[in-house]
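Now for the letters of each chain:
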Amino acid sequence: MTAATLDRRGLWVAVGSFVLWGVMPLYWHLLKSVPSLQIIAHRIVWSALLVAGWLLFKYGRGWLRETLAQPRAAWMLALSGTLIAFNWGLYIWAVNAGHVVETSLGYFINPLLNVVLGVVVLHERLNRTQWLSVAIATGGVLWLTLHYGSFPWIALTLAASFGAYGLIRKLVAVPPVRGLGVESLYLVLPALALLFWGEGHGQGGFLPIGDTPGWGWKIGALLVFGGALTALPLIGFADAVRRIPFSLVGLLQYIAPTLQLLCGVLLLGEDFGPERAIGFVLIWIALAVYAGDGLLRARRRPLPA
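Residues numbered from 1 in each chain as written. Predicted model: local features only at pLDDT ≥ 70, side-chain atom pairs only at ≥ 80, totals over all residues. Heavy atoms only, no water.

(A) Fine view of the overall build of the protein. If you tally the helices and strands in the protein, you get 12 helices and zero strands. The C-alpha atoms of the protein give a radius of gyration of 20 Å, which matches the 19 Å a tight globule of 305 residues would have. Across its three principal axes, the protein shows a C-alpha extent of roughly 70 × 50 × 30 Å. For the protein, with 305 residues in total, the buried portion stands at 49%. Considering only residue pairs separated by 6 or more positions, the protein has 86% of its internal contacts joining residues 24 or more positions apart. (Helix = DSSP H or I, 4+ residues; strand = E, 2+ residues; numbered from the N terminus. Rg over C-alpha atoms; globule rule 2.2 N^0.38 Å. Buried < 20%, exposed > 50% of the residue type's maximum accessible area, 1.4 Å probe, protein only. Contact = heavy atoms within 4.5 Å.)

In structure tokens:
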């Protein structure tokens, strides 16, 4: 990777997606009165309606057939849809159960996994300085894992599921919005079934039924708008992984967990002791090393004639 070949649009799309993901715990915290499975089902349904409606408007009814005609697209998007739904469900449960700091640890671990996948699976290359930054970040993550206080299973599961999702979306030759549309269609029927079951058995509250007043219009509006908040960063992420090196995506992803950490500690009042601070400082040093290498390379680039 060089500064001359870096896709700047892909870079900024990735940054915007990770910023939005970083502040999203505050949004889901507003829905803490809603069961996690209900939130994830609403998230899938409203996102599917938004994305499928846009694709139908722009490409007509043939978009689904054209997308699934791509080699390996059908089963790979079914797998990626399952992975992202699992990731969403665990993440929302963890946020509303008071584990925002541990979710941030998961998304600190995930970029390192992406770097490894980029090098091992996609045969991307890093220079010595970039390897140094990866080594420092790895040390920070290991420190956090060993000094967290308990085995961080939430963090490790989030990292593995989202890392696998990103790799699949990198490999499948499908435009990002179409890919999300197919993933959503695979998930929408199970999500609708869960919603109808919940409403009929007293575990839902989106609609007032009988003596149940429901959650109210404010909660309902937040659930619906959550579909847009689900679709936009995923579209941006899927677009970015096709435009810029997967290893760079991995390092840019530190934006999201950093913001999640700040939300958890400063706004939601979760514990953050000095042992955890050491690990996060190591990760920020790694980012500084990587960014400094990029700036030096950009300055050395020959000016156009």
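Here the narrative resumes.
(B) Spotlight on the side chain of arginine 169. Along the chain, the position of arginine 169 falls in helix 7 (residues 153-171). Given a relative accessible area of 2%, arginine 169 falls into the buried group. Of the polar contacts made by the side chain of arginine 169, one reaches the backbone oxygen of proline 176; its length is 3.2 Å. What arginine 169 contacts, discounting residues up to four positions off in sequence, is Leu77, Ser80, Val174, Pro175, Pro176, Gly179, Leu180, Glu183, Ala238, Val241 and Arg242. (Polar contact = N/O pair within 3.5 Å; in protein donor to acceptor, adjacent residues only side chain to side chain.)

(C) Helix 2 (residues 36-59), seen in detail. With 24 residues, helix 2 should reach 34 Å at 1.5 Å per residue; the first-to-last C-alpha distance of 34 Å fits that figure. Those residues of helix 2 not exposed but buried are Gln38, Ile39, Ile40, Ala41, His42, Arg43, Ile44, Val45, Ser47, Ala48, Val51 and Leu55. Buried residues along helix 2 sit against helix 1 (8-29), helix 3 (63-68), helix 4 (73-96), helix 8 (176-200) and helix 9 (217-243). Two residues or fewer past helix 2, glycine 60 is found with a positive phi of approximately 80 degrees. (Expected span 1.5 Å × (residues − 1).)

(D) Structural detail: the pattern of salt bridges. Across all of its chains, the model carries three salt bridges by this definition. Here glutamate 66 makes a salt bridge to arginine 178, at a shortest N to O gap of 3.2 Å. Highlighted residues: glutamate 66 in helix 3 and arginine 178 in helix 8, separated in sequence by 112 residues. We note a salt bridge from aspartate 239 to arginine 243, for which the minimum N-O separation is 3.1 Å. Residue aspartate 239 and its partner arginine 243 are located together in helix 9, separated by four residues, close to a single helical turn. For aspartate 239, a relative accessible area of 12% translates into the label buried. On the basis of relative accessible area, arginine 243 is assigned to the partly exposed category, the value being 31%. (Salt bridge = Lys/Arg side-chain N within 4 Å of Asp/Glu carboxyl O.)

(E) The packing of aromatic side chains, seen in detail. Counted by the stated rule, this structure contains 13 aromatic pairs. With a centroid separation of 5.4 Å and 85 degrees between ring planes, the pair formed by tryptophan 21 and phenylalanine 162 is classed as edge-to-face. Within this pair, whereas tryptophan 21 is found in helix 1, its partner phenylalanine 162 is found in helix 7, the two being separated by 141 residues in sequence. Phenylalanine 162 shares its class with tryptophan 21; the two are buried. Consider the rings of phenylalanine 162 and tyrosine 165, whose centres lie 5.8 Å apart with planes at 25 degrees: the pair is stacked. One end of the pair is phenylalanine 162 and the other is tyrosine 165, both in helix 7 and three residues apart, which spans about a single turn. On the basis of relative accessibility, which here comes to 4%, the residue phenylalanine 162 falls in the buried class. Grouped by ring-pair contacts, the aromatic residues Phe18, Trp21, Tyr91, Tyr107, Phe162, Tyr165 and Phe237 constitute a single cluster. Directly above the aromatic system of tyrosine 59 lies the positively charged group of arginine 178, at a separation of 4.1 Å from the ring centroid. (Phe/Tyr/Trp six-rings, centres within 6.5 Å; stacked < 30°, edge-to-face > 60°. Lys NZ or Arg CZ within 6 Å of the ring centre and 35° of its normal.)

(F) Here's a closer look at the nonpolar core. Membership of the largest hydrophobic core comes to 84 residues, with the highest contact counts inside it found for Phe18, Trp21, Trp28, Leu31, Phe237, Leu252 and Tyr254. Top element by residues in this core is helix 4. It accounts for 12 residues. What tryptophan 28 contacts, discounting residues up to four positions off in sequence, is Ile39, Arg43, Tyr91, Ile92, Val95, Asn96, Gly226 and Thr230. (Core = buried A, V, L, I, M, F, W, Y, C linked by side-chain atoms within 4.5 Å.)

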